[in-house]
Amino acid sequence: MHTESERNITKIGIGSYGIGGRGHKDVELTELQEDQVYVDSLVYTLQKGVNFTEISLGYGHGNAMRLFKVALDASGVARKDLFITNSLYPRDLPNFDEVKEDITGFYRVMETDYADSTLVTQSLVSKFGEAEVYPFLHQLLETGKTKYVSLSNASPDFIRAFHTEFGDKFIAHEGHLSFEVRALQDKGVFETCDELGVTNIIWRPLRRNMTSGLSWPLLAELADRYGKSQNQIVLNWITHFGYHPMVMSTSKEHIDENIASTEFQMSNEDYRRLNEFRPPNYNPPEVDWDKSGKGDSIVVLVTDFEKHIAKS
Ligand SMILES: NC(=O)c1ccc[n+]([C@@H]2O[C@H](COP(=O)([O-])OP(=O)(O)OC[C@H]3O[C@@H](n4cnc5c(N)ncnc54)[C@H](OP(=O)(O)O)[C@@H]3O)[C@@H](O)[C@H]2O)c1
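Residues numbered from 1 in each chain as written. Predicted model: local features only at pLDDT ≥ 70, side-chain atom pairs only at ≥ 80, totals over all residues. Heavy atoms only, no water.

1. Observations concerning the sheet that holds strand β4 (residues 115-121)
Applied cut-off: Pairing between two strands requires that DSSP report at least two bridges joining them. Helix and strand assignments come from DSSP, with helices taken as H or I runs of at least 4 residues and strands as E runs of at least 2, each series counted from the N terminus. Angular values range over 0 to 180 degrees, each being the angle between N-to-C directions of two axes fitted as lines to C-alpha atoms, with helices fitted over their stretch in contact. Here, residues are in contact when the closest pair of their heavy atoms is within 4.5 Å.
As summarised here, the arrangement of the eight strands in space is β1-β2-β3-β4-β5-β6-β7-β8, forming a closed barrel in which the pairing is parallel. On average, adjacent strands in this sheet sit at an angle of 30° to one another, irrespective of strand direction. As judged from the two bridges shared by strand β1 (residues 13-15) and strand β8 (residues 244-247), these two strands associate in the parallel manner. Among the inter-strand pairings, Ile-14 is bridged to a residue of β8, identified as Val-247. In this fold helix α2 (residues 63-75) packs onto β1, β2 (52-55) and β3 (83-88), with an angle of close to 150° to the strand it touches most, β2.

2. Comments concerning helix α13 (residues 268-276)
Selection criterion: Only protein chains enter the calculation, and the probe is 1.4 Å; a residue is then buried if its accessible area is under 20% of its type maximum, exposed if over 50%, and partly exposed in between. Directions pointing from the helix axis toward each C-beta atom define the arc.
Turning to α13, its buried residues are Asp-270, Tyr-271 and Leu-274. Take α13 and look down its axis: the buried residues cluster within an arc of 100°, on one side only. Opposite the buried face of α13, by more than 90 degrees, sit the exposed residues Asn-268 and Glu-276. Packed against the buried residues of α13 are α10 (217-226) and α11 (230-240).

3. Brief notes about the site of the ligand
Selection criterion: We call a residue near a molecule or strand whenever a single non-hydrogen atom of that residue lies within 4 Å of it. By the criterion applied in these results, polar contacts are pairs of N or O atoms within 3.5 Å in which, for protein atoms, one can donate a hydrogen and the other can accept it, and in which residues neighboring in sequence qualify only through two side-chain atoms. The method behind every accessible area is Shrake-Rupley, applied with a 1.4 Å probe, and residues are considered shielded solely by the protein chains displayed. When residue character is reported, Ala, Val, Leu, Ile, Met, Phe, Trp, Tyr, Cys and Pro are called nonpolar, Asp, Glu, Lys and Arg charged, and the others, Gly included, polar.
Contacts to the ligand come from 28 residues, most closely from Glu-174, Arg-204, Ser-249, Thr-250 and His-254. One nitrogen or oxygen atom from the side chain of Arg-22 is found 3.3 Å from an oxygen atom belonging to the ligand. Protein burial of the ligand: of its 900 Å² of free accessible surface, 90% is covered by the chains. At the level of secondary structure, the elements contributing two or more residues to the shell around the ligand comprise β8 and α12 (252-260). Tallying contributions element by element places α12 first for the shell around the ligand, with three residues. Looking at the shell around the ligand residue by residue, the classes come out as 10 nonpolar, 11 polar and seven charged.

Encoded structure:
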């Protein structure tokens, strides 16, 4: 996966949910800081060479995209040296006309004439139907408005069907993997993408620093052995498999720590132990891929990890 200027994407990407406040359009924003805090951290990250992100007009009620554009201009980094995925999340988009408006908004706010990729979730396709969504994505591809298409939070079967529809224009799947929540790993999502040549992008890899807060014995042991932080152990493990985690941070210290997490090697035995770890006494509901009502969406499963482990 590479930018328009043929640069491979970096091992770690920029998480943009949380920039300009946490929240989608349907909820109040929380953790809102001064605009300059976000701009400074984004400029710092971009100038360090981190070159891909996933962004949505729904993030921070539009603040994330607005501030990202301010930071991109201030950074001196060229648009063609970045891979930007424009994401469409169903919770921000009550009807299909708003999908079209949202797309137009991306080109306007980012002052660009293309998205490197346009992302839909399995639940968005279920909500509006393949007959509406697929021709629309094909049209974006044919007109050059998007170079590729991406999928998020999809089951292996859905990933295969999407690949049949879009072939090698289907560039990436964005899924969750963290030390504790392995639902997508166990369902074979990452393996399926590897087999099809679809890049695995990982969202919320640090569970917003909550993993580190629990200080699991295995992470504490490996952090001690390699002289790294627990977050670095997690990011190193994820990138070792060729997956690309996106991390959000407003702290230069954390940004440096996250970038440096890819610069060391652990033993194969330690990667195996990390891969095989599962939290004891954790029995989450099934994954609900398309809002069928059975189980929880992967986003809710991740958010509710502490609740499920506390119950069991
Ligand atoms: N496709 C989807 O459904 C989906 C869902 C959720 C998220 N996403 C994407 O995935 C991205 C990443 O997820 P996320 O932002 O929710 O979670 P995350 O990246 O796991 O965690 C971000 C939080 O962790 C802190 N942090 C980052 N690096 C740290 C470090 N080295 N040490 C201590 N704390 C650290 C940050 O605080 P500081 O600012 O203090 O560093 C921030 O509060 C999002 O921004 C979004 O782009 C996609």
